[in-house]
2 protein chains.
Amino acid sequence: MKLSEGVEWGLHCTLLLAEVPAGVPVPRRVLAEHYGLAEAYLAKHLQALTRAGLLHATPGPNGGFRLARPATEITVLDVLEAVEGAASPFACQEIRRQGSGAALPEECTRPCAIASVIAQAHSSWRESLRAVTIDQLVERVPKTLRARNRAKFGGDAPT
Amino acid sequence: MKLSEGVEWGLHCTLLLAEVPAGVPVPRRVLAEHYGLAEAYLAKHLQALTRAGLLHATPGPNGGFRLARPATEITVLDVLEAVEGAASPFACQEIRRQGSGAALPEECTRPCAIASVIAQAHSSWRESLRAVTIDQLVERVPKTLRARNRAKFGGDAPT
DNA sequence: GCGGCAATACTCGGATAACAACTGTCCGAGTAAGTAAGG
DNA sequence: CCTTACTTACTCGGACAGTTGTTATCCGAGTATTGCCGC
């Protein structure tokens, strides 16, 4: 029941991409330096987010990652399941039907009660994460920090 | 975000122990055979449940495991966290304070929004599991199966 | 026949390997910009 | 001066090791039974 490290990375990066003005691409090297992360490993998670259709990757100079759709239409659940996988945490092995105490087929018309309870809890978990969008998270970022990030990625052209 | 295999084993075994009449101990060998599980590995999980104070282990002949308290006072969450560990699935690394885009200390007076959202979801998950007791699960077991289990462990004395 | 004792068999508990998944890293394919040559 | 083709540098994408956690297993410590011996 441990959550992958990449979930935090993916969420922070998605959050940052939602802060930059428009569709300005940010390369993964900059993202990695911004948070002090290992660039090569971050690549793996950004790739997962891209495959899930949350980010859009642009190759070549001035390329990078940008949100594939508005921050109001991306939920925390989207990011989490893109990185972590959307598989259920509990895979019922139906052990009630095995061994010397196996239940008869006619006793298994209803789904396993244990699996049902966990599925219900998992549903609550997902619903709670689905209720929060990336946009709402941006609003919780201190304004001074948000301004600094906007200035950093908005229009700095050295040389 | 994968749940350990032992959670299912622990829940089924706890459920079965709640079905046997009173404080009749059931050895792990019988439990393993009842569900077709590996006895040596099951031992590890039963041990965890015992350490958590959910089961009581009796050594020696006619020994085994029994519930340490009534099934009405044991929740699914108790069993799950006893086997899986009660640690939070998300350990915030505070990466917002690291790298070139590090937030200033005065910008971090409030806890990380990402960690807060996940903590909220985790709370929903736990609350959902805490609401169901082992006793309630027993009631969902088909009566015919329950009767068979009671007869199996209640009073069969060959020889 | 009864009580005590020792042997026994059965139980759990902790220490020990095998496997898998997550973590961490590298190099190659593709693209857009920049540059220089030609018209 | 403009167009065009080429070179270049920068980007992402997939393939390849290292390390931690889960899975699986075994053997030793402790206890209640059970049979036996002595009284």
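In this text the structure is predicted, and so the values were computed from the model without any measurement. (Residues numbered from 1 in each chain as written. Chains lettered and ligands numbered in written order. Predicted model: local features only at pLDDT ≥ 70, side-chain atom pairs only at ≥ 80, totals over all residues. Heavy atoms only, no water.)

Draft legend 1. Broad picture of the overall build of chain A. A count of helices and strands for chain A gives seven helices and two strands. Its helices and strands taken in sequence order, chain A reads α-α-α-β-β-α-α-α-α from the N to the C terminus. For chain A, the C-alpha radius of gyration of 21 Å lies well beyond 15 Å, the compact-globule estimate for 159 residues. Counting only residues that meet the buried cut, chain A has 45% of its 159 residues in that class. In chain A, the share of contacts with a sequence separation of at least 24, taken over all contacts with a separation of at least 6, comes to 65%. (Helix = DSSP H or I, 4+ residues; strand = E, 2+ residues; numbered from the N terminus. Rg over C-alpha atoms; globule rule 2.2 N^0.38 Å. Buried < 20%, exposed > 50% of the residue type's maximum accessible area, 1.4 Å probe, protein only. Contact = heavy atoms within 4.5 Å.)

Draft legend 2. Here's a closer look at the protein's contact with DNA strand C. Among the 20 residues in the neighbourhood of DNA strand C, the closest are listed as Ser4 and Ala40 of chain A together with Gln47, Arg51 and Phe65 of chain B. Among the atoms of DNA strand C close to the protein, meaning within 4 Å, 61% are from sugar or phosphate groups. Lysine 44 of chain A places a side-chain nitrogen or oxygen 3.0 Å from a base oxygen of DNA strand C. At a separation of 3.1 Å, a sugar or linking oxygen of DNA strand C approaches a polar backbone atom of glycine 60 of chain B. Put simply, the parts of the chain that give the surface near DNA strand C at least two residues each are α3 (39-51) of chain A together with α3 (39-51), β1 (55-58) and β2 (64-67) of chain B. Of the residues forming the surface near DNA strand C, the biggest block, four residues, is contributed by α3 of chain B. (Near = heavy atom within 4 Å. Polar contact = N/O pair within 3.5 Å; in protein donor to acceptor, adjacent residues only side chain to side chain.)

Draft legend 3. Local environment of the pattern of salt bridges. What the rule picks out here adds up to 16 salt bridges over all chains. Across the pair arginine 69 of chain B and aspartate 78 of chain B runs a salt bridge whose closest N-O atoms are separated by 3.4 Å. Residue arginine 69 of chain B is classed as partly exposed on the basis of its relative accessible area of 28%. It is possible to trace a salt-bridge network through shared partners that takes in Glu94, Arg96 and Arg97 of chain A. (Salt bridge = Lys/Arg side-chain N within 4 Å of Asp/Glu carboxyl O.)

Draft legend 4. Highlighting the side chain of threonine 75 of chain B. All names here are of chain B. Among the secondary structure elements, threonine 75 is positioned in the loop between β2 and α4 (76-84). With relative accessibility at 11%, the residue threonine 75 sits in the buried group. When neighbours within four sequence positions are excluded, threonine 75 is seen to be in contact with Leu129, Arg130, Val132 and Thr133.

Draft legend 5. The arrangement of the packing of helix α1 (residues 5-19) of chain B against α4 of chain B in detail. All names here are of chain B. Between α1 and α4, the shortest axis-to-axis distance is 9 Å and the interhelical angle comes to 135 degrees. In terms of their interaxial angle, α1 and α4 are classed as oblique. Along this stretch, α1 crosses α4, giving a crossing that reads as right-handed. Residues Gly6, Val7, Gly10, Leu11 and Thr14 of α1 form the contact with α4, whose participating residues are Val76, Val79, Leu80, Val83 and Glu84. (Axes fitted to C-alpha atoms, helices over the stretch in contact; angles between N-to-C directions. Parallel < 35°, antiparallel > 145°, perpendicular 65-115°, else oblique. Left-handed = near helix turned anticlockwise from the far one by under 90°.)

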